[in-house]
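Coordinate analysis (summary)
Single-letter residue listing:
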Amino acid sequence: MKPPPFSYAAPTTLAEAVGLLAEHADAEARVLAGGQSLIPLMNFRLAKPGYLIDLRNVAGLSGIRREGDVLVVGAMTRMSELERSPEVALAAPLAAEAIGLVAHTPIRNSGTIGGSLAHADPAAELPAVVLALGAELVAAGPAGTRRIAAAEFLQGPFSTALAPDEILTEIRLPVWHGGYAFVEFSRIHANFAVVAVATLVELDGDRIRRAALALTGVAPTAIRATAAEQVLAGASCDAQAVSAAAEAAAENCSPAGDLHASALTRLSLARTYVRRGLELAISRAQNER
Amino acid sequence: MASTTRISLTVNGRPHVAEVEPRKLLVDFLREDLGLYGVHIGCEHGVCGTCTVLLNGASIRSCITFAVQADGADISTVEGLARGSELHPLQDEFSAKQGLQCGYCTPGMLMRACEILASNPDPTPAEVRSAIASNLCRCTGYQFITEAVISAAARMRAVKEAAS
């Protein structure tokens, strides 16, 4: 229950951090963000990186700024900072609502948005948020930086498009002013979600112009419920459309049963929470007008 | 001997400089190097909350934080709450309202309660219960703990009003 030994560096520039990651590749170097997932894994000896590159002193990796229609969040921004930020509440309320469901305050005080996304726990909330929003994730490596679409970034359980020599630096969240909802089922308050649903709806009068739904807990990684989105596009905002979308959402699900819930339970939860998420998102969009 | 890293930090108002192995957890540094045994070790994977300390005023789990991550930080532990022999109102109310019970979760509960009252000096019982969900009490005596935090909050508000 104590972490294995490792070498440690706390560089102050991104270039230095990227250099160290490549230089110590043989030692299975890993990046340390808030450590709220990595350190428990090390305590259990499930992760044994020989070299840790602590990003906490790297300039420019933390903070929230607006770039036109995009809210740019530094990867090292602590979850509790995002939770309290008026800018996030205004421009990315879906993210704010989801972060309120990530573990407890003491974890959110240390845990970072970039750390959670790079860790890519299949039961975590944030992957569904970036997927629903169509966010871009910025990675820095020896060859420079590149932007990765959220759908491409999330590759599987604990698996992302980040190369071993790349560091996640920014998350670019498109600003959203329509209806939104992040709802989840977990057995104990603040636990990982068994099933979670991120919902965005944009209304045009009493019709749904566009909807985006992302689900967690029903596939190896967070997925978009494209079939449900198609059902909703152009539909009137009524109970019938919501029910049809909840049924359609199941088409994109391929849950595996585990000790938390059977595959059938997960499918049933997906339908229920898609319905609840849509109802909440639609009512918020209507009250907004 | 594994290589060490030099850290300097403030703990309960006192500055410290130390050489630590990077893998040393903050909870072990506080206990073994500084003798602050009030910081308890429970689950060692960030679930139970008995190791909770404040880092720059924010509650953190010291069992899933490396000591090197606290370099330059201001740490507060349960040892820093009392003023000499005068208990902090939270400590006093935990005692008066039977909020200690077996005492194992108490240091973490107290530090979490400090953070709660710093941001919300007049919480409702429901707000306290929701906020202390981060910390497990296996005596399951959350009712007494909630009552203690509410009473301490009233005392702390009264002290603040009298001072202003």
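Fair warning: this is a prediction, and the values are worked out from it, not measured in the lab.

When helices and strands are tallied, chain B shows five helices and five strands. Listing every helix and strand of chain B by position from the N terminus yields β-β-α-β-β-β-α-α-α-α. Computed over the C-alpha atoms, the radius of gyration of chain B is 16 Å, within 12% of the 15 Å expected from 2.2 N^0.38 for a compact globule of 164 residues. With respect to the principal axes defined by its C-alpha atoms, chain B has extents near 50 × 35 × 25 Å. The buried share of chain B, reckoned over its 164 residues, is 46%. When contacts within chain B are restricted to residue pairs at least 6 apart in sequence, long-range pairs at least 24 apart make up 59% of them.

What follows deals with the overall build of chain A. Along the backbone of chain A there are 12 helices and 14 strands. C-alpha atoms of chain A, sized along the principal axes, occupy 60 × 45 × 35 Å. Within chain A, the proportion of its 289 residues that are buried is 51%. Pairs at least 24 residues apart make up 64% of the contacts formed inside chain A by residues separated by at least 6 positions.

Turning our eyes to something else, we now look at the domain arrangement of chain A. Residues and elements named next belong to chain A. Along its sequence, chain A is carved into domain 1 (7-54), domain 2 (64-174) and domain 3 (179-288). One C-alpha centre belongs to domain 2, the other to domain 3, and the line joining them spans 20 Å. When contributions to the side of domain 2 that touches domain 3 are tallied by element, the ones reaching two or more residues are α5 (93-99), α8 (126-133) and β8 (154-156). Among the elements that make up the side of domain 2 that touches domain 3, the one with the highest residue count is α8 (five residues). Classifying every residue of the side of domain 2 that touches domain 3 by side-chain character gives 17 nonpolar, three polar and two charged.

Contacts between chain A and chain B engage 25 residues on the former and 22 residues on the latter. For the side of chain A that touches chain B, the elements supplying multiple residues, two or more each, are β1 (7-9), α2 (38-43), β3 (51-54) and α6 (105-110) of chain A. The element contributing the most residues to the side of chain A that touches chain B is α6 of chain A, with five residues. A breakdown of the residues in the side of chain A that touches chain B according to their chemical character gives 13 nonpolar, 10 polar and two charged.

Further remarks concern the domain arrangement of chain B. All names here are of chain B. The domain boundaries assigned to chain B delineate domain 1 (5-80) and domain 2 (89-163). Just the C-alpha atoms count here: the centres of domain 1 and domain 2 sit 22 Å apart. Contact residues are listed per partner, giving 15 residues for domain 1 and 13 residues for domain 2. The set of elements that each furnish at least two residues to the side of domain 1 that touches domain 2 consists of β3 (52-55) and β4 (58-61). No other element matches β3, which puts three residues into the side of domain 1 that touches domain 2. Each residue belonging to the side of domain 1 that touches domain 2 can be placed in one class, and the counts come to seven nonpolar, eight polar and no charged.

The next thing to look at is the environment of L81 of chain B. Residue and element names in this part refer to chain B. Within the element layout of this structure, L81 appears in the loop between β5 (74-76) and α2 (89-96). On the neighbour-count criterion, L81 (18 C-beta atoms within 10 Å) is partly exposed. Counting along the chain gives 69 residues from L81 to N12, while the straight-line C-alpha distance between them is 8.4 Å. Ignoring sequence-local partners within four residues, the contact set of L81 consists of H88, L90, Q91 and L110.

Now for helix α3 (residues 106-119) of chain B. In a regular helix each residue adds 1.5 Å, so 14 residues correspond to 20 Å; α3 of chain B covers 20 Å between its end C-alpha atoms and thus fits that length. Here α3 of chain B lies mainly inside the structure; 12 of its 14 residues are buried.

Okay, the sheet that holds strand β2 (residues 14-20) of chain B next. Each strand in a sheet pairs with another by means of backbone hydrogen bonds, the pair being arranged parallel or else antiparallel. Residues and elements named next belong to chain B. An order of β2-β1-β5-β3-β4 is seen for the five strands of this open sheet, with the pairing classed as mixed. The sheet is open, and its two borders are formed by β2 and β4, each paired with just one other strand. Averaged over all adjacent pairs, the angle separating strand axes in this sheet is 40°, with direction ignored. Bridge count between strand β1 (residues 5-11) and β5: two bridges; the pairing is parallel. By the bridge assignment for β5, T10 is matched with D74. Strand contacts of α3: β3, β4 and β5, with the helix running at about 35° to β3, the strand carrying the most contacts.

Regular strands place side chains that alternate from one sheet face to the opposite one. Residue and element names in this part refer to chain A. Burial analysis of strand β12 (residues 195-204) places seven of its 10 residues in the buried class, which makes it a mostly covered element. In terms of strand pairing, strand β11 (residues 179-185) meets β12 through seven bridges, oriented antiparallel. Note on β12: the bridge partner recorded for F182 is A198. By the bridge criterion, nine bridges tie β12 to strand β13 (residues 207-216) in an arrangement that is antiparallel. Across the sheet, residue E202 finds its bridge partner in β13, namely R210.

The rules behind the values
Residues numbered from 1 in each chain as written. Chains lettered and ligands numbered in written order. Predicted model: local features only at pLDDT ≥ 70, side-chain atom pairs only at ≥ 80, totals over all residues. Helix = DSSP H or I, 4+ residues; strand = E, 2+ residues; numbered from the N terminus. Rg over C-alpha atoms; globule rule 2.2 N^0.38 Å. Buried ≥ 20, exposed ≤ 12 C-beta atoms within 10 Å, placed from the backbone. Contact = placed C-beta atoms within 7 Å. Domains from an automatic or database assignment. Nonpolar A, V, L, I, M, F, W, Y, C, P; charged D, E, K, R; others polar. Expected span 1.5 Å × (residues − 1). Pairing = 2+ DSSP bridges. Axes fitted to C-alpha atoms, helices over the stretch in contact; angles between N-to-C directions.

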